Amino acid sequence: MNHSPAVFSSAQRALARLALLRFGSLRMRIAVLYASAFALVLTVVVALASSGLSQFAHASAARDLAANARVFDEIISTRAGQMGDQAGVLARDFGFREAVATGDAPTIASAIANLEARAGSDKAFVLTLDGDVLGAGGAPVAAPESLWNSLDAGHSRGIIRSGRGFALAAAAPIQAPDLIGWLVIAQPLNRAELDRLVELAPIALEAKVMDASDQPQWLRGERPGAVVDHHEGQHALYYTSDLAVLQDGIAPRLVLRHSLEATLAAYAELKWLLVALAAVGLALVLGISWRVARGVTEPLQRLDEATRLIGQGREVSLAIDTDDEIGRLAGSFNQMVAAIEEREREIIHVGLHDGLTGLPNRKLFTEQLTNVLSRRRPGEQVMVAYVDLDDFKMVNDTLGHPAGDTMLRIVADHLREDMPDALIARLGGDEFAILIDGIAEADSLGGLADALQRSFARPITINGQNAPGGASIGIALAPGDGVDGTTLLKNADLALYRAKHEGKATYHFFEPGLDEAARRRRQMELDLRSAIRDGDFELNFQPLYSIVERRLTGFEALVRWNHPTRGRINPVEFIPLAEETGLIVPIGEWVLREACHHATTWPEDVSVAVNVSPRQFTSSGLSGTVLSALSASGLVPQRLELEITESIFIADVEATLATLHGLRNIGVKIALDDFGTGYSSLSYLRSFPFDKVKIDKSFIDDLGTSSNAHAVIRAITTLADALGMETLAEGVEDVSQFEVLEREGCRHIQGYLFSKPVAASAVARMLAEGAGYQRQLRA
């Protein structure tokens, strides 16, 4: 079968990755680490042991060589001693001394031959005092005169040079009775003789006797008696010693050589045994390391697997099998998992629930709404109610934010009690949402809405004070008002907007027309912003008539909007929207500046009144805006009158009073508008010294139909006179109303009886015709 190189390359890469993966495991790394560490230590131990064995063998061989060298020296010395003793016996023989003394050559030769035979020597001779050599058979004695000095000096043993090389010699003096010569016996130190001597040594040796000049250069300089280690072909030890000489001109040395190959070979088996033991130990340690690594890594593998499963969102618990660190780690892991799960539950709960009331938040409500709609069966309806608490801002402003939080919790508890099967959520602030599913087509939707209203209308007591209850509710139904959560919530919000405009504590079901109304509202907001930018507003002025002075004393500035396409738009349509969106603030600032500017063209005894909305009053910088308008126009502050309603006191009474006093201090007059329509009108009259009180039009309308209206007007004017305040009646439309107001003590009137609001250009004409108004009233 033919395989391409690419196939083999891919297979090799796969095997390499597999090997890397296996070696990359913690178990393998631990086992390899332990085994490598042990192998390193074992290698060092074996190396040290092997080196120690080699050094021990070397040292042992060196000691043996030195000891055997001394033995060899003893053998030579002993041999020389034996030869000397034998020579001495003959030298003391009377017949031999006589033969030497008489020069009896045959006798000398015979005696020497017998001595050579007995001593195993191949040369013996007599050296006379005259230097003559007697009885020397065989090879001649080389330079016999060189022996004379040593012998004369008393030396009796040593090395001499013979015809066949160096020889061990021993000498004995011949005395008859005086010294007449020396008997010298010699034994050649050739290879055969040295081998016989070496056989007597306990270790394998090679012996040579060499002149110092004949020795190798590396050995020549070594100190005699020292063991020398030398490698030349073979590893061997050398020992040299100087030999005693009986002849001048020679320097013989005994050189012993001992080969280390055999000695070290004897320790090789021990080395291999150490290596085998090391291999067995390494295998044992590898097995133990693998077992230990498995004991460590298997729990870690379980921990790794558990961590992976946790990452997948599955529940995991590790079994605790031991009390050691691994067991404690497993226990800590289980505790950590439990803590993580608890924190996750808390995080999920916090992320899906309102922290104040514990109700589901918008996210959870939206998810549940989507699920409910997906499970809705044919013939069933789903109700979504969007709720906004009435007067909740007043609770926060009057009782404080902690009281508002308490109220929200109480409302949530009421809803849980009254609507146990509904999903109730707090969407934020004072907004709630209620989801009711499984509603049959025959069920009463109005009954469900009434039940919701009753739940919100339950009495609430906070810190001993009754808090206003009630809520505005917008309701949308699936599938009629939408089949998805987004549409239902939007339509419920539109219905809520209509419910709030219809009055407090009411509910409203979504109608298709509400969507169109919301679209128009959004378009009107865009148009309002364009009008502010493009200057599409203008001011109209309605005269203020003084009954006491019988003349026009001022005008109230009223904003009008000339839409580019729709024409004049009624303030009732856009003022509430401007209040809601905050656009009333820039509009109010423009009205204030324009009113001051126009008033500067009027007589100095004519003032201008400007309405200040609650939203404008609570915005920062009202005092600065007033000062800026007065400064830019040049109008004196006493000719400017600001009309406010009692609703400005709801937010922050102390801050409101501070602002009012600040305006009063610069000379601006303050009028309380729509007096009598609120719950606390009288208390506000005590809180601040208003310059004027404007009686609401509703009381003026009742003058022709109710006798009590006269008493109310009388009470208001009497109270105002007592507090030093002027009164002005709004909405006066006929003479009969004027007469009653004049009779009951009202000082100023305003209404269609005199004039509707007119353009700024008509003010001058009205001021000129003021006397005509006076004649008309008298008539």
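None of these values were measured; they are calculated from a predicted model.

Asks: Even after reading the chapter, I still don't get the packing of helix α10 (residues 362-375) against helix α14 (residues 485-502), so can you show me in this structure?
Replies: A pair of packed helices is captured by two measures, namely the crossing angle of their axes and the spacing between those axes. As a packed pair, α10 and α14 sit with axes 9 Å apart at the nearest point and diverge in direction by 115°. Along the contact surface, α10 presents F365, T366, L369 and L373, while α14 presents G485, L488 and L489. When grouped by side-chain class, the residues that make up the contact of α10 with α14 number 5 nonpolar, 2 polar and no charged.

Asks: Help me understand the layout of surface pockets in this model?
Replies: It is a probe the size of a water molecule, rolled over the atoms, that shows where empty space is left. Empty space within the second largest pocket amounts to approximately 1000 Å³. Where the lining of the second largest pocket is concerned, the elements lending two or more residues are β18 (551-563), α16 (571-581), α17 (584-599), β20 (607-611), α18 (614-618), β21 (640-644) and β22 (669-675). Per-class residue counts for the lining of the second largest pocket are 16 nonpolar, 10 polar and 11 charged.

Asks: Looking at this structure, I do not really get the environment of N491. What am I missing?
Replies: Looking at where N491 falls in the secondary structure, it is placed in helix α14. Sequence-distant contacts of N491, defined by excluding residues within four places in its chain, comprise A476, D481 and F510.

Asks: In this structure, what is going on with the pairing of strand β5 (residues 179-188)? I would like to understand it.
Replies: Each regular strand shows side chains that alternate between the opposite faces of the sheet. The element β5 is largely enclosed, with a buried count of 8 among its 10 residues. Bridging between strand β1 (residues 123-128) and β5 involves 6 bridges; their strand directions are antiparallel. Along β5, the bridge assignment pairs L127 with W182. In this sheet, β5 lies alongside strand β4 (residues 165-175) in antiparallel orientation, the contact comprising 9 bridges. For L168, the partnering residue across the bridge sits in β5 and is Q187. The hairpin formed by β4 and β5 contains 3 residues between the paired strands.

Asks: What should I look at first to understand the pattern of salt bridges in this one?
Replies: Following the criterion strictly, the structure yields 25 salt bridges and no others. With a closest N to O distance of 2.7 Å, E549 and R551 form a salt bridge. Here E549 falls in the partly exposed class, since its relative accessible area comes to 47%. A network of salt bridges, in which partner residues are shared, links E556, E643, K694 and E730.

Asks: Just checking my understanding: could you explain the pairing of β4 for this structure?
Replies: Counting buried residues in β4 gives 8 out of 11 residues, a clear majority hidden from the surface. Direction of pairing for strand β3 (residues 157-162) relative to β4: antiparallel, over a ladder of 6 bridges. If you follow R161 over to β4, its bridge partner there is F166.

Asks: Help me out: how do you make sense of the sheet that holds β4 in this one?
Replies: Backbone hydrogen bonds are what pair the strands of a sheet, in a parallel or an antiparallel way. The antiparallel open sheet is built from 5 strands, whose spatial order is β2-β1-β5-β4-β3. Looking at which strands have only one partner, the edges of the open sheet turn out to be β2 (133-134) and β3. Contacts from helix α4 (residues 105-119) reach β1, β2 and β5 within the one sheet, and its direction differs from that of β1 by about 135°.

Reading guide: rules and limits
Residues numbered from 1 in each chain as written. Predicted model: local features only at pLDDT ≥ 70, side-chain atom pairs only at ≥ 80, totals over all residues. Heavy atoms only, no water. Axes fitted to C-alpha atoms, helices over the stretch in contact; angles between N-to-C directions. Helix = DSSP H or I, 4+ residues; strand = E, 2+ residues; numbered from the N terminus. Contact = heavy atoms within 4.5 Å. Nonpolar A, V, L, I, M, F, W, Y, C, P; charged D, E, K, R; others polar. 1 Å grid on protein atoms, 1.4 Å probe; cavity = no way out; pocket = protein on both sides within 12 Å on 5 of 7 lines; lining within 4 Å. Points joined across faces, edges and corners; volume = space filled by probe spheres on them. Buried < 20%, exposed > 50% of the residue type's maximum accessible area, 1.4 Å probe, protein only. Pairing = 2+ DSSP bridges. Salt bridge = Lys/Arg side-chain N within 4 Å of Asp/Glu carboxyl O.

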